[in-house]
Amino acid sequence: VIADYIKRRQERVGREINETPHQVLRSLGAITPDGEITVAGILLFGKDPQAFLPQSGVTYVRFHGKEPQAGYARREDMTGALARIIEKIGQVLVVELRGESIMRGLKREDHSILPLQAVREALVNAISHREYRIGGRKVEVRQYEDRLEIISPGSLPAYITLDNMVEEHFSRNSRVVKGLYEWKFIEELGLGVDLIYSLMQQEGHPPPEFKADEKTVVVTLRRGVGIVPPLRFAPAED
């Protein structure tokens, strides 16, 4: 995991990092100057972070209809370092959000029922900014027939409100955010919410919905109503 982080970080900065792994982890704040691991270090690089922070996993549930039910079509519990959790839930969502494929000539194009990049941004935001001091609840991804809900434990951080969250930015877990940014899981610092709005609009879906109280922050991504699904076959482009 550490080697993968260093590789991705070098790709982002476009040059080789002439530091030892110990120096890299120390500069990120994953370990202290005395070599003791920090909470961010456990979350980002721990072999089994859930042994110390059981709430740091992610639970995915897909329901059959539009409302929560006692039974569900699929459930997955993702564990491991945060980067690995993001990769695992990403693989699940690629399958579960798959729409119809179309053929343009001899080329197949796959489509998803929601923009995958918007889903990824919302998911990474939830993992990055959740309140890790709250035990007993993980980030939850709930998929319904008409929408996807991502539930993050904890209230909105600091001075962030539902009214200013597009313009204002604040990182509750700055070391985690920095690590995931340098790992290339975050495209641009502070632009996640803006990107979600833009991607949903570009593909004809309603804007994302945000709800927050003292216990949770919920992001809802709804499928567009009346959007014509892609044809299974389409003529090849000139």
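Only a predicted model underlies this, so the values are computations on that prediction, with no experimental measurement involved. (Residues numbered from 1 in each chain as written. Predicted model: local features only at pLDDT ≥ 70, side-chain atom pairs only at ≥ 80, totals over all residues. Heavy atoms only, no water.)

*Asks:* How would you sum up helix H7 (residues 192-202)? Please name residues and give values.
*Replies:* Burial in H7 covers these residues: Gly192, Val193, Ile196, Leu199 and Met200. Seen from one end, H7 has its buried residues packed into an arc of 130 degrees, which puts them on one side. Turned more than 90 degrees from where H7 packs its buried face, Gln201 and Gln202 sit exposed. Contacts from the buried residues of H7 go to helix H5 (116-129), strand E7 (209-212) and strand E8 (216-222). (Buried < 20%, exposed > 50% of the residue type's maximum accessible area, 1.4 Å probe, protein only. Helix = DSSP H or I, 4+ residues; strand = E, 2+ residues; numbered from the N terminus. Arc of directions from axis to C-beta. Contact = heavy atoms within 4.5 Å.)

*Asks:* Can you break down the pattern of salt bridges residue by residue, with the values?
*Replies:* This model, assessed by the stated rule, comprises 19 salt bridges. Here lysine 184 ties to glutamate 11 by a salt bridge, and the two come within 3.5 Å at their closest N and O atoms. A residue pair is termed long-range when its members are at least 10 positions apart, and lysine 184 in the loop between helix H6 (174-182) and H7 and glutamate 11 in helix H1 (residues 2-13) qualify at 173 residues. Each of the salt bridges in this network shares a partner with another, and the network as a whole consists of Asp146, Arg147, Glu149, Glu209 and Arg222. (Salt bridge = Lys/Arg side-chain N within 4 Å of Asp/Glu carboxyl O.)

*Asks:* Requested: an account of the packing of aromatic side chains, with residues and values cited.
*Replies:* Going through the model one piece at a time under the given rule, you end up with seven aromatic pairs. Ring geometry for phenylalanine 45 against tryptophan 183: centres 5.5 Å apart, planes inclined by 20 degrees, an arrangement best described as stacked. Of this pair, phenylalanine 45 sits in helix H3 (residues 39-45) while tryptophan 183 sits in the loop between H6 and H7; the two residues are 138 residues apart in sequence, bridging distant segments of the chain. Take phenylalanine 45 and tryptophan 183: they sit in the same class, and that class is buried. Centroid distance phenylalanine 63 to tyrosine 144: 5.0 Å. Interplanar angle 15 degrees. Geometry classified as stacked. Of the two residues, phenylalanine 63 is situated in the loop between strand E1 (58-62) and strand E2 (74-78) and tyrosine 144 in the loop between strand E5 (139-143) and strand E6 (147-153); the sequence distance between them amounts to 81 residues. Stacked on the ring of tyrosine 181, the Lys or Arg arginine 12 has its end atom at 4.1 Å from the ring centre. The positively charged end of arginine 147 is found above the aromatic ring belonging to tyrosine 144, 3.9 Å away from the centroid. (Phe/Tyr/Trp six-rings, centres within 6.5 Å; stacked < 30°, edge-to-face > 60°. Lys NZ or Arg CZ within 6 Å of the ring centre and 35° of its normal.)

*Asks:* Give me the lowdown on the packing of H5 against H7, citing residues and values where you can.
*Replies:* Between H5 and H7, whose axes approach to 9 Å, the crossing angle comes to 155 degrees. In terms of their interaxial angle, H5 and H7 are classed as roughly antiparallel. Relative to H7, the crossing made by H5 is left-handed. Where H5 abuts H7, its residues Gln117, Ala118, Glu121, Ala122 and Asn125 lie against Gly192, Val193, Leu195, Ile196, Leu199 and Met200. Here the residues of the contact of H5 with H7 are counted per class, giving seven nonpolar, three polar and one charged. (Axes fitted to C-alpha atoms, helices over the stretch in contact; angles between N-to-C directions. Parallel < 35°, antiparallel > 145°, perpendicular 65-115°, else oblique. Left-handed = near helix turned anticlockwise from the far one by under 90°. Nonpolar A, V, L, I, M, F, W, Y, C, P; charged D, E, K, R; others polar.)

*Asks:* Would you mind going over the nonpolar core in detail, with residue names and values included?
*Replies:* One finds Phe45, Leu82, Leu93, Ile127, Val141 and Leu180 to be the most contacted residues of the largest nonpolar core, which totals 55 residues. Excluding anything up to four places from it in sequence, phenylalanine 45 contacts Val1, Ile2, Tyr5, Leu25, Leu28, Ala30, Ala81 and Trp183. (Core = buried A, V, L, I, M, F, W, Y, C linked by side-chain atoms within 4.5 Å.)

*Asks:* Go over H5 with me, naming the residues and quoting the values.
*Replies:* Over its 14 residues, H5 extends 20 Å from the first C-alpha to the last, a length consistent with the 20 Å expected when each residue adds 1.5 Å. Of all the positions in H5, only Ala118, Val119, Glu121, Ala122, Leu123, Val124, Ala126, Ile127 and Ser128 are classed as buried. (Expected span 1.5 Å × (residues − 1).)

*Asks:* Give a description of the side chain of arginine 130 that names residues and reports values.
*Replies:* Take arginine 130: it is sitting in the loop between H5 and E5. Here arginine 130 sits buried without a salt bridge, and the closest side chain of opposite charge, glutamate 131, lies 7.0 Å off (N-O distance). Setting aside residues up to four positions removed in sequence, arginine 130 forms contacts with Gln55, Arg137, Lys138, Val139, Ser152, Pro153, Arg172 and Asn173. (Lys, Arg positive; Asp, Glu negative; His and termini not counted.)

*Asks:* Residue-level account of the sheet that holds E1, with values.
*Replies:* Here six strands make up an open sheet; going across it, the order is E2-E1-E5-E6-E8-E7 and the pairing mixed. Whereas interior strands pair on both sides, the edge strands pair on one side only; in this sheet they are E2 and E7. Each strand of the sheet is rotated relative to its neighbour by a mean of 15 degrees, with strand direction disregarded. By the bridge criterion, five bridges tie E1 to E5 in an arrangement that is parallel. Across the sheet, arginine 62 pairs through a bridge with glutamine 143, a residue of E5. In the packing of helix H4 (residues 82-96) onto the sheet, the strands contacted are E1, E2, E5 and E6, and the crossing angle to E2 comes to about 165 degrees. (Pairing = 2+ DSSP bridges.)

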